[in-house]
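Coordinate analysis (summary)
Here is how the chains run, residue by residue.
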Protein chains: 2
Amino acid sequence: MKKELTERQQAIFDFILKFKEMNGFPPTLREIGKNFDIASTFGVKRHIDALVKKGYLNVESNTSRGISILFEQNSVTTNSTLNNSMEIPIIGQVAAGIPITSYENLEGTVVIDSSFLKRGQGDSFALKVKGDSMIEEGIFENDLLLVTPQQTANNSDIIVAMVDGEVTVKTFMKKEERIRLIPANKNYTPIEIKPEQDFSIIGKVKGVLRWLN
Amino acid sequence: MKKELTERQQAIFDFILKFKEMNGFPPTLREIGKNFDIASTFGVKRHIDALVKKGYLNVESNTSRGISILFEQNSVTTNSTLNNSMEIPIIGQVAAGIPITSYENLEGTVVIDSSFLKRGQGDSFALKVKGDSMIEEGIFENDLLLVTPQQTANNSDIIVAMVDGEVTVKTFMKKEERIRLIPANKNYTPIEIKPEQDFSIIGKVKGVLRWLN
DNA sequence: AAAGATAGTGAACAAATGTGCACTTGTCAA
DNA sequence: TTGACAAGTGCACATTTGTTCACTATCTTT
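Every chain's residues receive numbers from 1 upward, in the order its sequence appears when written. Throughout, the order in which chains and ligands are written sets their labels, letters from A for the former and numbers from 1 for the latter. With the structure being a predicted model, the display of local features is reserved for residues of pLDDT at least 70 and the display and counting of side-chain atom pairs for 80 or more, all residues being used for whole-chain, interface and lining totals. Excluding hydrogens and water, the side-chain figures rest on all heavy atoms present in the structure.

Let us now look at the overall build of chain A. Within chain A one finds 3 helices and 11 strands. Secondary structure elements follow DSSP: runs of H or I of four or more residues count as helices, runs of E of two or more count as strands, with numbering from the N terminus. Starting at the N terminus, the α and β elements of chain A follow one another as α-α-α-β-β-β-β-β-β-β-β-β-β-β. The proportion of buried residues among the 213 residues of chain A is 46%. Pairs at least 24 residues apart make up 56% of the contacts formed inside chain A by residues separated by at least 6 positions. Computed with the Shrake-Rupley method and a 1.4 Å probe, the accessible areas treat only the protein chains shown as cover for residues. For chain A, the accessible surface area stands at approximately 11200 Å², while carbon and sulfur atoms represent 47% of it. Think of it in three bands: residues with accessible area under 20% of the maximum for their type are buried, residues over 50% are exposed, and the middle band is partly exposed, with areas taken using a 1.4 Å probe on protein chains only. The contact definition used throughout considers only heavy atoms, calling two residues in contact when any of these lie within 4.5 Å.

What follows is about the protein's contact with DNA strand D. Any residue with a non-hydrogen atom lying within 4 Å of a molecule or strand is treated as near it. The full set close to DNA strand D counts 25 residues, and Phe42(A), Arg65(A), Arg8(B), Ala39(B) and Arg46(B) are the nearest of them. Among all atoms of DNA strand D positioned within 4 Å of the protein, those belonging to sugar or phosphate total 52%. Lys45(A) places a side-chain nitrogen or oxygen 3.0 Å from a phosphate oxygen of DNA strand D. Per-element accounting of the surface near DNA strand D gives the leading share, 4 residues, to helix α3 (residues 41-53) of chain B. Under the convention adopted here, Pro, Cys and the residues Ala, Val, Leu, Ile, Met, Phe, Trp and Tyr are nonpolar, Asp, Glu, Lys and Arg are charged, and Gly plus all remaining residues are polar. Considered class by class, the residues forming the surface near DNA strand D number 5 nonpolar, 14 polar and 6 charged. Here a polar contact is recorded for every N or O atom pair within 3.5 Å, except that within protein the pair must consist of a potential hydrogen donor and a potential acceptor, and residues adjacent in sequence are included only if both atoms are side-chain atoms.

On to the pairing of strand β9 (residues 178-182) of chain B, then. All names here are of chain B. A one-sided burial pattern is seen for β9, the buried positions being Ile-179 and Leu-181 and the unburied ones Arg-178, Arg-180 and Ile-182. The rule for pairing is simple: two strands pair if DSSP sees at least two bridges between them. Linking strand β8 (residues 166-175) to β9, which pair antiparallel, is a turn of 2 residues; within it Glu-176 sits at a positive phi near 50°. Relative to strand β10 (residues 191-192), β9 runs antiparallel, the two being bridged by 2 bridges. Opposite Leu-181, over in β10, you have Ile-191 as the bridge partner.

To continue, consider the pattern of salt bridges. Residue and element names in this part refer to chain A. Should a side-chain nitrogen of Lys or Arg be within 4 Å of a carboxyl oxygen of Asp or Glu, the pair is scored as a salt bridge. Enumeration according to the criterion identifies 10 salt bridges over all chains in this entry. A salt bridge links Asp-157 to Lys-204, with the shortest nitrogen-to-oxygen separation between them at 3.4 Å. Of the two residues, Asp-157 is situated in the loop between β6 (144-149) and β7 (158-163) and Lys-204 in strand β11 (residues 199-211); the sequence distance between them amounts to 47 residues. The class for Asp-157 is buried, based on a relative accessible area of 11%.

Residue and element names in this part refer to chain B. To obtain an axis, a line is fitted to C-alpha atoms, over the contacting stretch when the element is a helix, and the angle between two such axes runs from 0 to 180 degrees between their N-to-C directions. Following both chains from N to C, one finds helix α2 (residues 29-36) and α3 inclined at 100°, their axes separated by 9 Å at the closest point. By the angle class used here, α2 and α3 are roughly perpendicular. For the pair α2 and α3, the contacting residues are Leu-29, Arg-30, Ile-32 and Gly-33 in the first and Thr-41, Val-44, Lys-45 and Ile-48 in the second. When the residues that make up the contact of α2 with α3 are grouped by side-chain class, the tally is 4 nonpolar, 2 polar and 2 charged. By definition in this entry, angles of less than 35 degrees are roughly parallel, angles greater than 145 are roughly antiparallel, angles of 65 to 115 are roughly perpendicular, and the rest are oblique.

Attention now moves to the protein's contact with DNA strand C. If you check the shell around DNA strand C, you find 25 residues, and the closest are Arg8(A), Ala39(A), Arg46(A), Phe42(B) and Arg65(B). Contact between DNA strand C and Thr41(B): a base oxygen at 3.1 Å from a side-chain N or O atom of the residue. One of the backbone nitrogen or oxygen atoms of Asn62(B) is found 3.4 Å away from a phosphate oxygen of DNA strand C. Secondary-structure elements contributing two or more residues to the surface near DNA strand C are α1 (7-23) and α3 (41-53) of chain A together with α2 and α3 of chain B. Per-element tally for the surface near DNA strand C: the top contributor is α3(A), with 4 residues. In terms of residue class, the surface near DNA strand C is made up of 5 nonpolar, 14 polar and 6 charged.

What follows concerns the side chain of Ser68(B). Residue position: Ser68(B) is located in strand β2 (residues 67-69). Those residues in contact with Ser68(B), other than ones at most four positions away along the chain, are Asn23(A), Gly24(A), Tyr56(B), Leu57(B) and Asn58(B).

Residue and element names in this part refer to chain A. The pairing test for Phe, Tyr and Trp rings, Trp by its six-membered ring, is centres within 6.5 Å, and the orientation test on the planes gives stacked under 30 degrees, edge-to-face over 60, and tilted for anything in between. All told, the structure shown has 7 aromatic pairs over all chains when counted by the stated rule. Arranged with centres 5.6 Å apart and planes meeting at 80°, the rings of Phe-15 and Phe-36 form a pair that is edge-to-face. Here the residue Phe-15 occupies a position in helix α1, and Phe-36 occupies one in helix α2 (residues 29-36), the gap between them amounting to 21 residues. A connected cluster of aromatic rings, assembled from ring pairs, spans Phe-15, Phe-19, Phe-25 and Phe-36. Two limits define a charge over a ring: the Lys NZ or Arg CZ must be within 6 Å of the ring centre, and within 35 degrees of the ring normal. The positively charged end of Arg-210 is found above the aromatic ring belonging to Phe-140, 4.7 Å away from the centroid.

Another point: unusual backbone geometry. Residues and elements named next belong to chain A. Its identity is not glycine, yet Glu-176 carries a phi of approximately 50°, on the positive side. With respect to the secondary-structure elements, Glu-176 resides in the loop between β8 (166-175) and β9 (178-182). Residue classification places Glu-176 among the exposed residues on the basis of a relative accessible area of 76%. Of note, Glu-177 is a non-glycine position whose phi angle comes to about 70°, a positive value.

Turning next to the pairing of β7(A). Residues and elements named next belong to chain A. For β7, a buried count of 6 out of 6 residues is recorded, marking the element as mostly surrounded by other parts of the structure. Burial of β7 is two-sided: the residues Ile-158, Val-160 and Met-162 facing one way and the residues Ile-159, Ala-161 and Val-163 facing the other way are all buried. Examined bridge by bridge, β7 and β8 share 6 bridges and lie antiparallel to one another. Each residue of the ladder has a partner; that of Val-163, found in β8, is Glu-166. Bridge count between β7 and β11: 5 bridges; the pairing is antiparallel. Bridge pairing in β11 links Met-162 to Ser-200.

Written as structure tokens, this is what we have:
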């Protein structure tokens, strides 16, 4: 029943899923077009029509944002449905400049127990770990970090920070205005933030998830 | 922080949830108004504004159907949705003799993403880690291990095993009928299972969860 | 070469939709 | 009584958004 999609159709279908996930409502034709550099809404509409014809989408005529998803490879839901769990986006690659919650980076979602993130931290997200600079803290490559956005941190918090456009996970240390980011791996040396450097705290790591096997 | 809603606001909030559930996209002001016999969109808008101010909704300005849900208390939503999560019991202390899944040991439950445990491993459970024998594998004290019950294991699987009535987590190694349980901590030595010992494999570790803070 | 599918442009238009204002009604407490 | 507050009306207005048409450009297949 699952008819084949062209590359373009698949990309657009994926975009719609991600958009809904991020915003809670579907995109307009122009928003889709903007993302794919398609100037004409008609070009977009024909892709949508194709997806409807192939059974992936449903569209309410003459209705703004009237797209609903029929074919659920992975279930897309509202932010949180069960009382004791929440679904948060997984961020993969993070490029400089692009806001971290942009769907450029979105890799999917993961459901976590809400005791990980208390009290309406609905804008939290999960970050996939690259590198091994924190292994002595039990954070390995490809682990998933649960991050709550915040701009400040306390000493020895494990934080996600942006340094000169690069995202890094380190232990935060501040002594008399000297900020240091300390890795948990003997092979790495602490980073000292100089005043002229572009530095900002993205959030604090609240939890770690790891799949084995 | 959960501010009180008026009866009307509550009803409208519920309607928005239900509408999204049914249609896949949020309602417009006029659609809400129609449902409640409110002729003026402005009347509806003020309810929405109130819900935003109280932290239940988020609204994208000048955007059709720009409503997204922030606060999900328990309400009308039928959760026909989240089939991508499951709730499993947490085992705390494990005493000899008592079956491990006995309610004696139960400490609560945790919701996890079902991608941790594929295919009907519904009898899986979570085990709270005692001791530091696996820290080099990134498993720390008080971490939660996701365990799928099984009686056999492959080499270098991380398993939960019962040795002489004691529960232990180690890496499994078997060479020519010699079974060894290898810790991931230089301060511990591998355990060699002798034939006369009471030994059984409880399950295999499929994932690790850790709370920070 | 011709046909067909896929992809895109640019413009025009109608319908859907959010915003803002002045005014009304009913309730409840000071 | 007065005042505050929730709730609603009617209307005008500006945007946003879906729909449609004619035309162009690549491909692949016949």
